[in-house]
Amino acid sequence: MDFKCPEAIITQCAVPGTVHTIAIRMDMLEKCFWSNQVEMVVIPTKLEMEAFEISSISEELRYIQPLEQAQALLEQAFAAVEEASALQDVEEVLRAVRAVRASLVSVADEAKKRTVHLIGHAHIDMNWFWSMDETRQIIARDFDTMTKLLEEYPEFRFSQSQCAVYKIAQEDCPEVFERVKKYEKDGRWDCTASSWVEGDLNMADGESLNRHMLYSKKYLEENGMKEPHIMWCPDTFGHGANVPQLLGQAGISYYYHMRCPDGIGQSTAEAVPFMKEAHHAPLYWWKGADGSRVLTTSLIYNAEVWPQSILRVSAAMRDRYSVNRAMYVYGTGDHGGGPTKRDIEKIRLLNSYPTTPRLVFSTTEEFYHAVETEDLSHLPEVEGELNFIYDGCYTTHADIKRDNRRCENMLDSTERLCVLASLQGFSYPGKRLEELWRKALFNQFHDIFDGTGIPDTYDCSHELAEQVLTELQEISSEAMEFLSLGLETDSAKGVPFAVFNPAPFDREECISLGGVSMVGPVRVVDAQGQEVPSQLCTDGVCVQAEIRASGICVFYVQEQASGSGPQSFSLTEEKEYYYVESDRYQVEIKKASGQITTLYDKMDKHYVVRRMDLGWRMGQGVLNTLQVHYEVPGEMSGWLIHDVARIDRLISGADSRIVEDGPVRKVLEFVHHFGASQITQQIRIGKQAARIDFYTRVSWGEYGDAKRLAPMLRVVHTPDIDNLDAVYETLCGTVTRPLKDQEYPALKWAAADGSSYGFALLNDCKHGYKVCGNTMELCLIRSGWTPDPKSDVGEHEFTYSILPYRGSYRDAGVVQQAYFLNRPILSRRLTEAGRGNGNCFLAETDAEGAVISSIKKAESSDAVIVRVFDALGMGGGGNLILGFPADAVETCSTLEETIERISHEKYSIPLNLKPFEQKSFKIYPVYEK
């Protein structure tokens, strides 16, 4: 449904009595459950322009009021307009208005010292309230229309973002695309496509933003278009604290957004009029977590050519910051459209008045370059994240959140695997991986990723994600098969399995080897023949393994006649509770609910929670309480969490059983029935594990509507922690936020960091967190019913984990454990002996808090790109330790442009990271002959 429809000219010459038939297409209800008034207006152009001319005068007089030359003339001008208005005759008012303007010609020189740069734009939402086919039609229509306007009006300029739309235009209408390139070369078509799409910046990983910029600028360069230096994110629902740094490292100096500007609250109802009045900062320095700055405009998009808005943003820049230039973005959007002929004619008319600033049709970079010539010392500086406007979108449409996390994880894992194999002669599939990245990045478009599209949106996005995951599985299998030939194997030790660790840290934990057909007890040994703890499990063989970061090794599985000997790892049951004692914990779990009622940390001698008999309640908290919150009906349900009418706690009635009771891990299963839904949860506790996992499958049959409450599934933990801070993982860093009843976004984890003890809650595909007091919640499923009536009805699969710890999250391995949860090992049963002498790992770091976020082959050479960032804001020294010899090392930009050559050891590179800094290295390996 297009509720911001661009104009359609009915006739150039209206003749009385002529009948015109107008057809309107509306896709509603089944495709889009959206309450919206529909109105069609016929506008006589002459009358509209006269109305525009009259309505503008009061704003013009207000605008020139501070000008010295206008003082003596204003009283008479106001009086003339008021006198004519009292006659209630349009022609008389029009004559009076024109006479007033003529009397003010003397102020023109002073008024025209100020300039407003008019940026024409068509905001195109990818597959929001329409299908992918319609998105493609919109792009072809807009590109054709805008190039024709550029041809007709020599002064006109047009700006278009999102690299994906250029690629679609190139595929669907190549002749129009060639016209675009012509006007882009002439400097009149302003390509602001620094990202593949205008993606969400709260839920995408930092490396995804890097790839948006890398692959967009690479595409533009390949097609002979100029590199943009602005990131265009008008409709994005929040902006992470580390975005300025990542932009700068990709050659981007400028940022444009609308939502979440500095100085306003959460609601759209408050934000839009606030921004139209330009009370907020329309131009400011945005300072990132690492100290980087980017010059930022914060202005409403899809704006009309309206004197009030244009003149007031100019006045704000002049009066508040002593800056004589302002930017104004106009043009119909969401469903595309862009500027119209009427817009251009209105700008021409407004610019002809002596009482307005100079209005220029402009590109974005023309504005920024011009404004940078002025004194910007009075501009405000805004530091940190610019969040939030919508809270429900962190959970609505859980399928797209899971698809995205799986794609991000698998893309990174496959790239590492392929780089390791390429060091031994494997042909690195760079083009295939780039195309898969582009598909995954498309799904990060904010309305898609945030769950606020119609059902057709998710048919398309899920298909794209499945294509990505299927092909990545093929590529990783090819690389694993190649690598296995470089592994020395000995079939006398058992059935060999190659195991690859895609995480950026050495890991020692319970891992699963798939593809095992044995049914009896097993014995597993490592490459040296030493036995490692193991057991048969529901997903193969579980092994307590040690594997290097981004490394590969071999384990051997043997059948044995009997099970293992005595265990120090016990699982018992008594009356209402299961009891598990591992090397790390004593755990008491309620059979009827799966709640952890007692958790004792044996290493730190601390009760995380403890059940005590206090008569009518339990004391000192409880962990893993599943709750169903019933939201009252409200508008924009997919975007916003509304008032909760009641809460059902799933604390009784679950069916439970023991699934695994082995020497490596214990698994307990709990099945809850609620409404039309079933929740099956396995609590998995490893013998040596610091993390307790809650693997969950949900068949969700709940939904709301305009008259019915909408159920929302949450998990609640109340650990015994005091004086805490709420810390959340964001892209390439962390941020501490207030302890309040507010849903906040996070990536893989959030932590309640106490004065002496803390508690982290990890996830493999969720984002909506709340930490209020010592209560920590994670939103699991929402029934957002607009614009998709049954957004989350269906099957869900996810895992969240708890990680209690002594001291600070910085010292507790929270970051590492979150990566282990999200980057499961890749294993392959080997069917032939290898030749030996293969590389066993790629790279790791000994710098505290440093994360190797990406290892890939360079786009245009055989170099290896390694990207590292400081996740904890600690900074400091440390080294990047390589598993292959380096011939030369350069620091480089995100776009892989060399910055400088640096000194290094053969297998070691100094890092010297600043707090929250990201660094990219271009490493030239010594390849095997």
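Criteria and thresholds
- Residues numbered from 1 in each chain as written.
- Predicted model: local features only at pLDDT ≥ 70, side-chain atom pairs only at ≥ 80, totals over all residues.
- Heavy atoms only, no water.
- Helix = DSSP H or I, 4+ residues; strand = E, 2+ residues; numbered from the N terminus.
- Rg over C-alpha atoms; globule rule 2.2 N^0.38 Å.
- Contact = heavy atoms within 4.5 Å.
- Areas by Shrake-Rupley, 256 points an atom, 1.4 Å probe, with all protein chains shown as cover.
- Lys, Arg positive; Asp, Glu negative; His and termini not counted.
- Charge placed at Lys NZ, Arg CZ, Asp CG, Glu CD.
- Pairing = 2+ DSSP bridges.
- Axes fitted to C-alpha atoms, helices over the stretch in contact; angles between N-to-C directions.
- Phe/Tyr/Trp six-rings, centres within 6.5 Å; stacked < 30°, edge-to-face > 60°.
- Buried < 20%, exposed > 50% of the residue type's maximum accessible area, 1.4 Å probe, protein only.
- Salt bridge = Lys/Arg side-chain N within 4 Å of Asp/Glu carboxyl O.
- Core = buried A, V, L, I, M, F, W, Y, C linked by side-chain atoms within 4.5 Å.
- Expected span 1.5 Å × (residues − 1).
- Arc of directions from axis to C-beta.
- Parallel < 35°, antiparallel > 145°, perpendicular 65-115°, else oblique.
- Left-handed = near helix turned anticlockwise from the far one by under 90°.
- Polar contact = N/O pair within 3.5 Å; in protein donor to acceptor, adjacent residues only side chain to side chain.
- Nonpolar A, V, L, I, M, F, W, Y, C, P; charged D, E, K, R; others polar.
- Disulfide = S-S within 2.5 Å.

A. Fine view of the overall build of the protein chain. If you tally the helices and strands in the protein chain, you get 19 helices and 46 strands. For 929 residues, the compact-globule estimate of 2.2 N^0.38 gives 30 Å, and the protein chain sits close to it at 31 Å. For the C-alpha atoms alone, the extent of the protein chain along its principal axes is close to 105 × 75 × 55 Å. A fraction of 74% describes how many contacts in the protein chain between residues 6 or more apart in sequence connect residues 24 or more apart. Summed over its atoms, the accessible surface of the protein chain is roughly 35,600 Å², and 49% of this surface lies on carbon and sulfur atoms. For the protein chain, the distance from the average position of its 94 positive side-chain charges to the average position of its 136 negative side-chain charges is 1 Å.

B. A look at the sheet that holds strand 22 (residues 606–609). Across the sheet, five strands lie side by side as 18-19-20-21-22; this open sheet has antiparallel pairing. At either margin of the open sheet sits one strand with a lone partner, and together these are strand 18 (570–574) and strand 22. The sheet shows a mean angle of 15° between the axes of neighbouring strands, direction not considered. Relative to strand 21 (residues 596–601), strand 20 (residues 585–590) runs antiparallel, the two sharing five bridges. Its bridge partner being in strand 21, Ile589 is matched across the sheet by Ile596.

C. View of the sheet that holds strand 46 (residues 918–925). Pairing is antiparallel across the open sheet formed by five strands, whose spatial order is 40-41-46-43-44. Across the chains shown, the open sheet's two edge strands, defined by having one partner strand only, are strand 40 (850–857) and strand 44 (898–901). Each adjacent strand pair in this sheet contributes to an overall mean axis angle of 30°, direction not counted. Bridge count between strand 43 (residues 886–892) and strand 44: three bridges; the pairing is antiparallel.

D. Molecular detail of the packing of aromatic side chains. In this structure the tally under the stated criterion is 28 aromatic pairs. Ring centres of Trp128 and Trp639 lie 6.4 Å apart, and the angle between their planes is 90°; on these two criteria the pair is classed as edge-to-face. With a gap of 511 residues between them, Trp128 in the loop between strand 1 (115–121) and helix 6 (132–152) and Trp639 in the loop between strand 23 (625–631) and strand 24 (644–649) connect regions that are remote in the sequence. You'll find Trp128 and Trp639 in the same group, each marked buried. Plain terms: the ring middles of Phe505 and Tyr819 are 5.8 Å apart, the flat faces sit at 70° to each other, and that makes the pair edge-to-face. Taken together, the residues span a long stretch of sequence, with Phe505 in the loop between strand 11 (495–500) and strand 12 (507–513) and Tyr819 in helix 19 (residues 814–822) at a distance of 314 residues. With a relative accessible area of 11%, Phe505 lands in the buried category. Looking at Tyr819, the relative accessible area reads 3%, which means it is buried.

E. Representation of the side chain of Asn127 in the model. With respect to the helices and strands, the residue Asn127 is situated in the loop between strand 1 and helix 6. Relative accessible area serves as the criterion here: at 1%, Asn127 is assigned to the buried category. Discounting chain neighbours no more than four positions away, the residues touching Asn127 are Met132, Thr135, Phe442, Ile448, Thr457 and Cys460.

F. Quick look at the pattern of salt bridges. Applying the stated criterion across every chain yields a total of 66 salt bridges. Two residues, Glu60 and Arg101, come together in a salt bridge whose shortest N-O distance is 2.6 Å. Here Glu60 is found in helix 2 (residues 57–64), whereas its partner Arg101 is found in helix 4 (residues 90–103), with 41 residues between them in sequence. For Arg101, a relative accessible area of 4% puts it in the buried group. In this structure, the salt-bridge partner of Arg507 is Glu509, at a minimum N-O distance of 2.6 Å. Residue Arg507 is classed as buried on the basis of its relative accessible area, which comes to 3%. By relative accessible area, Glu509 is classed as buried at 11%.

G. Looking closely at the nonpolar core. The biggest cluster of nonpolar side chains holds 258 residues, and the ones touching the most others in it are Phe156, Tyr166, Leu599, Leu880 and Ile923. Looking at this core, the element that brings in the most residues is helix 18 (residues 455–484), giving 11 residues. When neighbours within four sequence positions are excluded, Ile923 is seen to be in contact with Ala863, Val864, Val866, Leu880, Leu882, Phe884, Ala886, Ala888, Val889 and Ile909. Leu513, Val541, Val543 and Cys553 belong to the second-largest nonpolar core, a separate cluster that totals 17 residues.

H. Seen up close, helix 8 (residues 174–185). Spanning 12 residues, helix 8 covers 16 Å between terminal C-alpha atoms, matching the ideal 16 Å at 1.5 Å per step. Where helix 8 is concerned, the buried positions are Val176, Phe177, Val180, Tyr183 and Glu184. For helix 8, the angular spread of buried residues about the axis comes to 120°, placing them on one side. Once helix 8 ends, the next one or two residues include Gly187, with phi positive near 85°.

I. Looking closely at unusual backbone geometry. Cis peptide bonds are those with omega within 30 degrees of zero, and the linkage from Asn387 to Phe388 qualifies with 5°. Summarising the element assignment, Phe388 is placed in the loop between strand 10 (381–383) and helix 15 (398–422). Of note, the amide linkage connecting Thr786 to Pro787 takes the cis form, showing an omega dihedral of 10°. The phi dihedral of Gln162 is positive, around 70°, even though this residue is not glycine.

J. Fine view of the pairing of strand 26 (residues 665–674). Of all 10 residues in strand 26, nine are buried, a share of seventy percent or more. Judged from the six bridges that link them, strand 25 (residues 655–661) and strand 26 form a sheet pairing that is antiparallel. Bridging across to strand 26, Asp661 finds its partner in Lys666. Count of turn residues in the strand 25/strand 26 antiparallel hairpin: three residues. Pairing between strand 26 and strand 27 (residues 677–686): 10 bridges, direction antiparallel. Note that in strand 27 the partner of His673 across the bridge is Gln678.

K. Molecular detail of the packing of helix 7 (residues 163–172) against helix 9 (residues 206–222). Remark: helix 7 packs on helix 9, axes separated minimally by 10 Å, with the N-to-C direction vectors making an angle of 40°. Relative to helix 9, the element helix 7 lies oblique. In the packing of helix 7 onto helix 9, the handedness of the crossing is left-handed. Along its contact with helix 7, which presents Cys163, Tyr166, Lys167 and Gln170, the element helix 9 presents Ser216, Tyr219 and Leu220.

L. Geometry of the side chain of Glu631. With respect to the secondary-structure elements, Glu631 resides in strand 23. At 2.8 Å, the side chain of Glu631 forms a polar contact with the backbone nitrogen of His642. With near-sequence residues (within four places) excluded, Glu631 lies in contact with Leu640, Ile641, His642, Asp643, Val644, Leu709, Ala710, Met712 and Arg782.

M. Geometry of the packing of helix 7 against helix 8. One can describe the packing of helix 7 onto helix 8 by two numbers: an axis separation of 5 Å at closest approach and a directional angle of 130°. One finds that helix 7 runs oblique with respect to helix 8. Residues Tyr166, Ala169, Gln170, Glu171 and Asp172 of helix 7 lie in contact with helix 8, whose contacting residues are Pro174, Phe177 and Val180. Taken together, the residues of the contact of helix 7 with helix 8 break down into five nonpolar, one polar and two charged.

N. Region of interest: the state of the cysteines. Scanning the entire structure with this criterion turns up zero disulfides. Cysteine Cys393 remains unbridged, with the sulfur of Cys260 as its closest cysteine sulfur at 9.6 Å. Between Cys732, a cysteine without a disulfide, and Cys892, which holds the nearest cysteine sulfur, the sulfur-to-sulfur distance is 14 Å. Owing to a relative accessible area of 5%, Cys732 belongs among the buried residues under this scheme.

None of this, on its own, says anything about what the molecule does.
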